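The primary structure of each chain is shown beneath.
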Amino acid sequence: ALRLLHAAAQADPGQHLNDFELGTTLVKLERFDEALPHFLRAVEKAPHFQPAVINMGAVLERLERIEEALPWCERALALDPNCHISHYNLGNVLRELGRFEEADRHFVRSIELCPDSAKAHWNRAYCHLVQGRFREGWEEYEWREAAGEVSIDRYTQPRWDGSPLTGKTLLVHGEQGLGDEILFASCVPDVISQAARVILVCDPRLRPLFQRSFPQAVVYGWQRLKDWTPAPITEQVDWQIPSGSLPLYLRPTAESFPRRERYLVPDPQQV
């Protein structure tokens with residue numbers, strides 16, 4: 001495609017679409033630095049061609065040139081105030097600049113224009129959580145899989161919805177990376193205190209740590225598969241939940257975070 005597009009650009013050097021398509025193809029190849037001048041040439045030839053303006057801002061943001069990206073994102077929105085992608089891109093840049101309230105307004109507008117914009121919901125989660133607005137943040141965090149940011153193992157048992165756990169067995173399965181599993185494990189003592197039984201499925205490398213830290217739970221080490229097949233659990237389970245969804249029900253406010261010295265127990269021999 002690149003070879004043919006270069007030939008097209010040489011045959012018709014005044015055509016902005018050739019430069020735009022060259023930039024788009026280079027983006028697909030993740031050659032962002034090379035894509036940027038092609039989008040710029042497209043804009044120079046057709047200043048009101050909004051897709052090229054959008055991509056200028058998006059690529060600059062991808063290259064972490066946030067200050068440079070901001071005016072391009074604003075320009076794209078000015079060209080079409082009802083473009084949900086422009087609102088989303090501007091929200092991303094404002095978020096990176098720490099202007100969370102402004103960013104959130106653009107994410108909201110992006111969602112209004114395109115209700116299924118999962119990535120806008122996902123980025124709203126970040127804005128809320130970093131400001132300590134936990135209830136709203138964890139609700140938006142539930143869009144993480146639809147946004148393509150996370151893949152969750154496919155357990156067939158009913159998903160826990162925050163209902164009382166008295167007399168129930170809850171299966172909590174890890175998601176994302178080791179750090180995320182450790183982070184969300186801070187919620188495990190809460191469900192242990194509520195449920196009759198808790199089963200934890202974690203990365204095999206975390207199994208010894210979790211067994212020491214949560215002796216009341218049954219801990220399985222499971223190397224997650226690319227097809228997201230669940231761990232072969234033989235016990236009867238009433239509810240299941242990915243660990244990243246626990247805070248939705250257990251950490252709605254800053255006050256709901258327990259004050260404690262620790263929740264993980266190191267190996268005393270290694271210490």
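As shown above, the structure is provided for reference.
Residues numbered from 1 in each chain as written. Predicted model: local features only at pLDDT ≥ 70, side-chain atom pairs only at ≥ 80, totals over all residues. Heavy atoms only, no water.

**Focus on the sheet that holds strand β1 (residues 169-173)**
Pairing is parallel across the open sheet formed by four strands, whose spatial order is β3-β2-β1-β4. Because the sheet does not close on itself, it has two edges, and the strands there are β3 (218-221) and β4 (239-242). Each strand of the sheet is rotated relative to its neighbour by a mean of 20°, with strand direction disregarded. Inspection of the sheet shows β1 paired to strand β2 (residues 197-202) by five bridges, in the parallel sense. (Pairing = 2+ DSSP bridges. Helix = DSSP H or I, 4+ residues; strand = E, 2+ residues; numbered from the N terminus. Axes fitted to C-alpha atoms, helices over the stretch in contact; angles between N-to-C directions.)

**Regarding the pattern of salt bridges**
On inspection of all chains with the given rule, the structure shows 18 salt bridges. Ionic pairing is found between E34 and R31, a salt bridge with its closest N-O pair at 2.8 Å. Accessibility expressed as a relative area gives 39% for E34, which makes it partly exposed. Two residues, E142 and R159, come together in a salt bridge whose shortest N-O distance is 3.1 Å. Of this pair, E142 sits in the loop between α9 (134-141) and β1 while R159 sits in the loop between α9 and β1, and the two are 17 residues apart along the sequence. Residues participating in the shared-partner salt-bridge network are E142, R144, R159 and E175. (Salt bridge = Lys/Arg side-chain N within 4 Å of Asp/Glu carboxyl O. Buried < 20%, exposed > 50% of the residue type's maximum accessible area, 1.4 Å probe, protein only.)

**Side note on the packing of helix α4 (residues 50-62) against helix α5 (residues 66-79)**
In the contact formed by α4 and α5, the axes pass within 8 Å of each other and the chain directions differ by 155°. Regarding the angle of α4 to α5, the classification is roughly antiparallel. Judged by the twist between their axes, the crossing of α4 over α5 is left-handed. Only I66, E68, A69, W72, C73, R75, A76 and L79 of α5 make contact with α4, whose side of the interface consists of Q50, V53, I54, M56, G57, L60 and E61. Residue composition of the contact of α4 with α5, by class: ten nonpolar, two polar and three charged. (Parallel < 35°, antiparallel > 145°, perpendicular 65-115°, else oblique. Left-handed = near helix turned anticlockwise from the far one by under 90°. Contact = heavy atoms within 4.5 Å. Nonpolar A, V, L, I, M, F, W, Y, C, P; charged D, E, K, R; others polar.)

**Comments concerning unusual backbone geometry**
A positive phi angle, near 65°, is found at E64, a position not held by glycine. Inspection of the secondary structure assignment puts E64 in the loop between α4 and α5. Of note, the phi angle at W228 is positive, near 60°, even though the residue is not glycine. Relative to the elements of secondary structure, W228 occurs in the loop between β3 and β4. Note on W228: relative accessible area 23%, which makes it partly exposed.

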